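Overview (structure and organization)
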Amino acid sequence: MKHSMLLAVSALVAASAPALAGDVSVKRGAQVAITAGCHDCHTAGYSESGGKVDPAVALKGASLGWQGPWGTTYAVNLRLIARERGSEDDFLTYAKSFQARPPMPFYNVHAMDESDIRSLYQYIVSLGEAGEPTPEYVPPGQEPITPYIVIAPPIMPKG
Ligand code: HEC
């Protein structure tokens with residue numbers, strides 16, 4: 001009796017305990033996706049909802065464009081990317097070296113701990129069906145057919 005209560009209590013504690021830095025787990029990956037800001041752009045509606053992760057659309061990308069001198073980019077579907085890259089090791093190599101157009105902060109991903117990248121991969125794969133690709137990149141001077149946010153060059157003070 002005492003023993004089973006103890007087991008129940010430790011199971012509860014385990015379920016609510018935060019994932020620790022250095023862990024490689026889906027739970028840690030879920031936390032990293034939030035704290036590293038990946039949902040901000042790669043999960044449709046995340047920012048608008050005040051930070052609610054909808055598991056149906058989490059990291060499937062967004063069809064809201066980001067327009068600047070580079071053209072118009074879309075935060076891609078990371079579920080598809082994880083599958084295209086293949087294994088966890090392949091994803092790690094890719095995450096440490098890929099380049100992307102603005103406003104993707106790819107240099108931040110390069111700087112992530114290996115354990116966090118592995119956890120992120122496991123979390124992305126755990127989310128289930130991959131879904132559809134986001135709209136194609138639109139080169140400068142061409143008009144996108146989706147809504148988009150304009151990031152203009154800095155406006156300098158006169159004089
Ligand atoms: C400010 C918005 C923003 C944030 C924050 C962001 N991304 Fe992105 N991401 C983008 C956009 C836009 C693209 C598409 C860039 C392009 O078309 O070259 C992109 C592209 C990528 C790609 C490249 C896919 C390819 O084509 O090879 C990866 C991988 C990626 N993001 C992962 C992440 C991860 C992991 C995080 C969290 C650490 C993150 N992104 C945070 C906007 C963002």
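Everything below is about the structure printed above this text.
Thresholds, definitions, all that
- Residues numbered from 1 in each chain as written.
- Predicted model: local features only at pLDDT ≥ 70, side-chain atom pairs only at ≥ 80, totals over all residues.
- Heavy atoms only, no water.
- Helix = DSSP H or I, 4+ residues; strand = E, 2+ residues; numbered from the N terminus.
- Buried < 20%, exposed > 50% of the residue type's maximum accessible area, 1.4 Å probe, protein only.
- Contact = heavy atoms within 4.5 Å.
- Areas by Shrake-Rupley, 256 points an atom, 1.4 Å probe, with all protein chains shown as cover.
- Salt bridge = Lys/Arg side-chain N within 4 Å of Asp/Glu carboxyl O.
- Arc of directions from axis to C-beta.
- Axes fitted to C-alpha atoms, helices over the stretch in contact; angles between N-to-C directions.
- Parallel < 35°, antiparallel > 145°, perpendicular 65-115°, else oblique.
- Nonpolar A, V, L, I, M, F, W, Y, C, P; charged D, E, K, R; others polar.
- Phe/Tyr/Trp six-rings, centres within 6.5 Å; stacked < 30°, edge-to-face > 60°.
- Lys NZ or Arg CZ within 6 Å of the ring centre and 35° of its normal.
- Donors = N, O, S within 2.8 Å, 3.2 Å for Na, K, Ca; no water.
- Tetrahedral: all angles 85-135°; square planar, octahedral: opposite > 155°, others 65-115°.

What follows concerns the overall build of the chain. Scanning the chain from N- to C-terminus turns up 7 helices and 3 strands. When the elements of the chain are put in sequence order from the N terminus, they spell out α-α-α-β-β-α-α-α-α-β. For the chain, with 159 residues in total, the buried portion stands at 35%. Within the chain, counting contacts between residues at least 6 apart in sequence, those at least 24 apart form 62% of the total. On the chain, roughly 9,800 Å² of surface is accessible, and the fraction owed to carbon and sulfur atoms is 64%.

Taken as a whole and judged by the stated rule, the model has 5 salt bridges. The partner of Arg118 in a salt bridge is Glu114, and the shortest N-O contact between them spans 3.0 Å. Residue Arg118 and its partner Glu114 are both found in helix α7 (residues 114-126); the two are separated by 4 residues, about one turn of the helix. In this structure Glu114 comes out as partly exposed when scored by relative accessible area, which is 42%. Members of the salt-bridge network, linked through shared partners, are Glu88, Asp89, Glu114 and Arg118.

Because an α-helix packs 3.6 residues into every turn, residues spaced three or four apart end up facing the same way. Among all positions in helix α5 (residues 88-95), only Glu88, Phe91, Leu92, Tyr94 and Ala95 are buried. Within α5, the buried residues cover an arc of 165° as seen down the axis, which keeps them to one side. As for α5, its buried residues are in contact with α4 (78-85), α6 (106-110) and α7.

With their axes 7 Å apart at the nearest point, helix α2 (residues 26-35) and α7 run at an angle of 95° to one another. Classed by the angle they form, the pair α2 and α7 counts as roughly perpendicular. Counting all contacts with α2, which are made through Val26, Arg28, Gly29, Ala30, Val32 and Ala33, the residues of α7 involved are Asp116, Ser119, Leu120, Gln122, Tyr123 and Ser126. Residues belonging to the contact of α2 with α7 are distributed by class as follows: 6 nonpolar, 4 polar and 2 charged.

Bringing the packing of aromatic side chains into the picture now. Counted according to the given criterion, the structure contains 5 aromatic pairs. Summarising the aromatic geometry, the rings of Tyr94 and Phe98 are spaced 5.0 Å apart at their centres and angled 25° between planes, so their arrangement reads as stacked. The pair Tyr94 / Phe98 is uniform in exposure class, with both members buried. Here a set of aromatic residues connected by ring pairs shows up, and it is made of Phe91, Tyr94, Phe98, Phe106, Tyr107 and Tyr121. Between the NZ or CZ atom of Arg85 and the centre of the ring of Tyr94, over which it lies, the distance is 4.1 Å. Over the ring of Tyr137 we find Arg101, and its NZ or CZ is 3.5 Å from the ring centre.

On to the coordination of the iron atom of the ligand, then. Octahedral metal centres with six donors ideally show angles of 90 or 180 degrees, and tetrahedral centres with four donors ideally show 109.5 degrees. Within the first shell, the iron atom of the ligand binds the protein through His42 (NE2) and Met104 (SD), at distances of 2.0 Å. Classification of the site at the iron atom of the ligand as octahedral follows from its 6 donor atoms and the range of 87 to 179° in their angles at the metal. Of this pair, His42 sits in helix α3 (residues 38-42) while Met104 sits in the loop between α5 and α6, and the two are 62 residues apart along the sequence. Overall, His42 belongs to the buried group, its relative accessible area being 8%.

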